[in-house]
Amino acid sequence: MCLTLGSVTRELRLDLGRSSREDVGEARGSERCIVSVIGGHYDAPHLARVAANFAALTPLSFLARAAAVYPDKLAVIDGDARYSYGEIYARCRRLADALQRRGIGPGDTVAVLAPNIPALLEAHYGVPMAGAVLNALNTRLDARSVAFILGHGQAKLLIADREFGPVVKAALAELGRPLPLVEIGDGQHADTLGGTLYETFLGEGDPAFDWPRPLDEWAPITLNYTSGTTGNPKGVVYHHRGAFLNALGNAITFGLDRHSVYLWTLPMFHCNGWTYTWAVTAVAGTHVCLRRVDPAAIFGLIEKHRVTNLCGAPIVLNLLAHAPEAVKRRFDHIVEVATGGAAPPSAVIRAMEEMGFRVTHLYGLTESYGPSTVCAWQEAWEGLPIDERAGRMARQGVASLTLGGQRVVDPAMADVPADGVTLGELVLRSNTLMRGYLKNPRATAEAFAEGWFHTGDLAVMHPDGYVEIKDRAKDIIISGGENISSLEVEEALYRHPHIMEAAVVAGPDPKWGESPCAFVSLTPNAPPLSAADIIAWCRANLAHYKVPRTVVFGPLPKTSTGKVQKFDLRDRAKELAS
Ligand code: ADP
């Protein structure tokens, strides 16, 4: 909370835990001054925090409420299975009680390796209802990485789907210590992993279990590992308060209500599904589970259940846009799609809009519970030609509802001018930021240096207050002293009608130091195209110094979260140049 006192911006720090008054003094200029002020007659004992007017914020309360208000309402669809809110709540309470009976409680980690199925959704409630911390594992990880995370997070129990049997077995062997296992039968893989069956495990718990509300909203709720593009992944610790706030902010931003039908195209393991695991329940909407991203299944489910909302990385949108005509459907209702996690090329936004989807562009990181920034729609854009509109929407945008603030700053932490040109680092401040990295005080201190969270993303601030990400700091190409945004070159490539995917990295250049090297994959129906054709296209669409010198055709290597592995491509670009 900020009070403006004369020319000095004062930040009011209310320490609810201790009601301390601390005058930290003034920082330079109007930048920051933390003064705890509780005004005279408002400071009376009878105005204090008591049980009647204060409870720790937690998204677990969303499920309790949905079950109380709408016990028979459809909460979850999974293939032919249906669960009401009353049933899901009972299952989550069973899970929490079963975990407690196995000795799991506050401070313990429970890992889950499963696709977007009811068990993983239930774990988002059942595990913290036992006081424990949920660690949803990325299903695309190899056994070594899974073993690393199980070890680092000190998992006390693993719930795993049989689909990932081989990875589970190898990871447990590598872990080198026994780990209690609960396994989910997927209906296809009959081989048991030697654990307790999930449904049997639920049977051990009481459906009326009186779960303890967290006393402290700062208590950890989940542990999410970053994809570790630069070494071992970091364990991001979320708190109940941030999960509660981000979920409600997302529900409002995405227009969710009790009629919403949400299709799970975004992995629940990715930032807890950007907190939609809790947001959809907050409004008592319906979750539609989805084992894997398959365009035919997605179009079919949207039609069958009249899905209103879905989220996904631009690659998911790209898959839908390039799906065979035979599986594509037109809908007589609007399907809202939120995309983020990587820059969506405007060509992809346009293709989705043309199919009748309404696209919202979000930006965020694991550290910010998923979306922190939204390209808020302006009515004035309505009349713009579709290309121009898609261009506006391809910007990352403004602070989301619950974000404390965002700035684009130079290395001295001064704001860059809002000219749409000057590059700086995007920094964030919010109640919806992680507590820190598990067992990594150094990385946490670096991330929070100067009182702001450093995203490591380079951005510009436009005159209308919208932020546009130009690159990750390590991906920017510096050619003859000029910065070239790899995203800008990729954006031009994506506008080519036959380019399906594009990634641009710095390649060594004897004259300019670095120059752009493009890796592209073509659409299935593409005519034969040469590097010269692609370069000619870029020349027509980009300043000359930004045009790739080299173009390589073929599938792009991806990380376990579906992002292009640019470090790998940088190595390949180096090899090509040598
Ligand atoms: P990881 O850091 O392990 O790749 P994250 O999901 O935390 O996993 O990735 C966050 C990063 O993804 C951001 O720092 C940014 O570089 C990129 N990103 C996320 N959303 C967008 C977006 N809308 N546009 C451009 N880049 C994005």
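A few points on the structure. Worth saying up front: this structure is predicted, and the values here are computed from it rather than measured.

1. Brief notes about the overall build of the protein chain
Argument step 1. From N to C terminus, the protein chain includes 17 helices and 30 strands.
Argument step 2. Its C-alpha atoms give the protein chain a radius of gyration of 25 Å, near enough to 25 Å, the size a compact globule of 578 residues would have.
Argument step 3. Viewed in the frame of its principal axes, the protein chain has a C-alpha envelope of about 70 × 65 × 50 Å.
Argument step 4. Among the 578 residues that make up the protein chain, the fraction classed as buried is 53%.
Argument step 5. Counting every atom, the protein chain has about 24900 Å² of accessible surface; 54% of that belongs to carbon and sulfur.
Argument step 6. Counting 56 positive and 62 negative side-chain charges, the protein chain places the averaged centre of each group 2 Å from the other.

2. Some details on the nonpolar core
Argument step 1. Ranked by internal contacts, the top residues of the largest apolar core, which has 88 residues, are Leu99, Met129, Ile159 and Tyr276.
Argument step 2. Those residues in contact with Ile159 that lie beyond four places of it in its chain are Leu95, Val110, Ala111, Val112, Leu113, Val182, Ile184 and Tyr198.
Argument step 3. Leu301, Val359, Ile484 and Leu493 belong to the second largest nonpolar core, which has 49 residues in total.

3. Some remarks on the side chain of Thr58
Argument step 1. Among the secondary structure elements, Thr58 is positioned in the loop between strand E4 (33-35) and helix H1 (60-69).
Argument step 2. Among the residues examined, Thr58 registers a relative accessible area of 0% and is labelled buried.
Argument step 3. Only 2.8 Å separates the side chain of Thr58 from the side chain of His240, close enough to count as a polar contact.
Argument step 4. Not counting chain neighbours up to four residues away, the residues in contact with Thr58 comprise Arg213, Pro214, His240 and Phe244.

4. Brief notes about the packing of aromatic side chains
Argument step 1. If you walk through the whole model with that rule in mind, you get eleven aromatic pairs.
Argument step 2. Centre to centre, the rings of Tyr262 and Trp264 are 4.8 Å apart; their planes meet at 70°, and the pair counts as edge-to-face.
Argument step 3. Judged by relative accessible area, which is 0%, Tyr262 ranks as buried.
Argument step 4. Its relative accessible area of 1% is what places Trp264 among the buried residues.
Argument step 5. Seen from their ring centres, Phe331 and Phe357 are 6.0 Å apart, and the 85° between their planes marks the pair as edge-to-face.

5. Comments concerning the sheet that holds strand E29 (residues 513-522)
Argument step 1. Strand order in the open sheet formed by three strands is E28-E29-E30, and the pairing between neighbours is mixed. Each having just a single partner strand, strand E28 (499-509) and strand E30 (550-553) make up the two edges of the open sheet. Sheet twist, expressed as the average angle between the axes of neighbouring strands with direction ignored, equals 25°.
Argument step 2. As paired elements, E29 and E30 share four bridges and run parallel to each other. Across the sheet, the residue bridging to Phe519 is Val552, located in E30.
Argument step 3. Each of E28 and E30 is contacted by helix H16 (residues 531-541), which is oriented at about 125° to E30, the strand it contacts most.

6. A word on the sheet that holds strand E22 (residues 424-430)
Argument step 1. If you walk across this open sheet you meet the four strands as E21-E22-E24-E25, and the pairing is antiparallel. If you trace the sheet from one side to the other, it starts and ends with strand E21 (403-409) and strand E25 (467-472), each paired once. Looking at each pair of strands side by side, their axes are set apart by 45° on average, direction ignored.
Argument step 2. Pairing of E22 with strand E24 (residues 453-461), which is carried by four bridges, proceeds in the antiparallel orientation. When the sheet's bridge partners are listed, Glu425 is paired in E24 with Leu458.

7. Re helix H4 (residues 143-152)
Argument step 1. If you check which residues of H4 are buried, you get Ala143, Val146, Ala147, Ile149, Leu150 and His152.
Argument step 2. Against the buried residues of H4 lie strand E7 (109-113), strand E8 (133-136), strand E9 (155-161), helix H5 (165-175) and strand E12 (220-225).
Argument step 3. Remark: Gln154 follows H4 within two positions and exhibits a positive phi of approximately 50°.

8. Topic: the site of the ligand
Argument step 1. Lining the immediate environment of the ligand, one finds 16 residues, of which Ser227, His361, Asp457, Arg472 and Lys563 sit closest.
Argument step 2. Contacts to the ligand include Gln396, whose side-chain N or O atom sits 2.8 Å from a nitrogen atom.
Argument step 3. The side chain of Asp457 places a nitrogen or oxygen atom 2.6 Å from an oxygen atom of the ligand.
Argument step 4. When the ligand sits alone it has 570 Å² of accessible area, and the protein chains cover 93% of it.
Argument step 5. Here the element with the most residues in the shell around the ligand is strand E18 (residues 357-365); it accounts for five residues.

9. Some words on the packing of H1 against helix H7 (residues 240-253)
Argument step 1. Viewed as axis vectors pointing N to C, H1 and H7 meet at an angle of 55°, and their least axial separation amounts to 9 Å. Of the possible angle classes, the one that applies to H1 and H7 is oblique. Contacts from Leu60, Ser61 and Phe62 in H1 reach His240, Phe244, Ala247 and Leu248 in H7.
Argument step 2. Broken down by class, the residue content of the contact of H1 with H7 amounts to five nonpolar, two polar and no charged.

10. Topic: the pattern of salt bridges
Argument step 1. Taken as a whole, this structure holds 28 salt bridges when the rule is applied.
Argument step 2. Residue Asp332 is joined to Arg306 by a salt bridge in which the shortest nitrogen-to-oxygen separation is 2.9 Å. Pair noted here: Asp332 is in the loop between helix H11 (314-321) and strand E17 (335-339) and Arg306 is in the loop between helix H10 (295-305) and strand E16 (309-312), with a separation of 26 residues, a long-range link.
Argument step 3. Residue classification places Asp332 among the exposed residues on the basis of a relative accessible area of 69%.
Argument step 4. Linking Glu336 and Arg358 is a salt bridge whose minimum nitrogen-to-oxygen distance equals 2.6 Å. Of the two residues, Glu336 sits in strand E17 while Arg358 sits in strand E18, which places them 22 residues apart along the sequence.
Argument step 5. According to the relative accessible area criterion, Glu336 is buried, its value standing at 16%.

11. Digging into unusual backbone geometry
Argument step 1. Positive phi is not limited to glycine here, since Cys271 has a value of about 50°.
Argument step 2. Checked against the element boundaries, Cys271 lands in helix H8 (residues 271-274).
Argument step 3. Phi angles above zero are rare outside glycine, and Tyr369 is one such case at about 60°.
Argument step 4. Along the chain, Tyr369 turns up in the loop between E18 and strand E19 (370-374).
Argument step 5. On the basis of relative accessible area, Tyr369 is assigned to the buried category, the value being 0%.

Analysis parameters
- Residues numbered from 1 in each chain as written.
- Predicted model: local features only at pLDDT ≥ 70, side-chain atom pairs only at ≥ 80, totals over all residues.
- Heavy atoms only, no water.
- Helix = DSSP H or I, 4+ residues; strand = E, 2+ residues; numbered from the N terminus.
- Rg over C-alpha atoms; globule rule 2.2 N^0.38 Å.
- Buried < 20%, exposed > 50% of the residue type's maximum accessible area, 1.4 Å probe, protein only.
- Areas by Shrake-Rupley, 256 points an atom, 1.4 Å probe, with all protein chains shown as cover.
- Lys, Arg positive; Asp, Glu negative; His and termini not counted.
- Charge placed at Lys NZ, Arg CZ, Asp CG, Glu CD.
- Core = buried A, V, L, I, M, F, W, Y, C linked by side-chain atoms within 4.5 Å.
- Contact = heavy atoms within 4.5 Å.
- Polar contact = N/O pair within 3.5 Å; in protein donor to acceptor, adjacent residues only side chain to side chain.
- Phe/Tyr/Trp six-rings, centres within 6.5 Å; stacked < 30°, edge-to-face > 60°.
- Pairing = 2+ DSSP bridges.
- Axes fitted to C-alpha atoms, helices over the stretch in contact; angles between N-to-C directions.
- Near = heavy atom within 4 Å.
- Parallel < 35°, antiparallel > 145°, perpendicular 65-115°, else oblique.
- Nonpolar A, V, L, I, M, F, W, Y, C, P; charged D, E, K, R; others polar.
- Salt bridge = Lys/Arg side-chain N within 4 Å of Asp/Glu carboxyl O.

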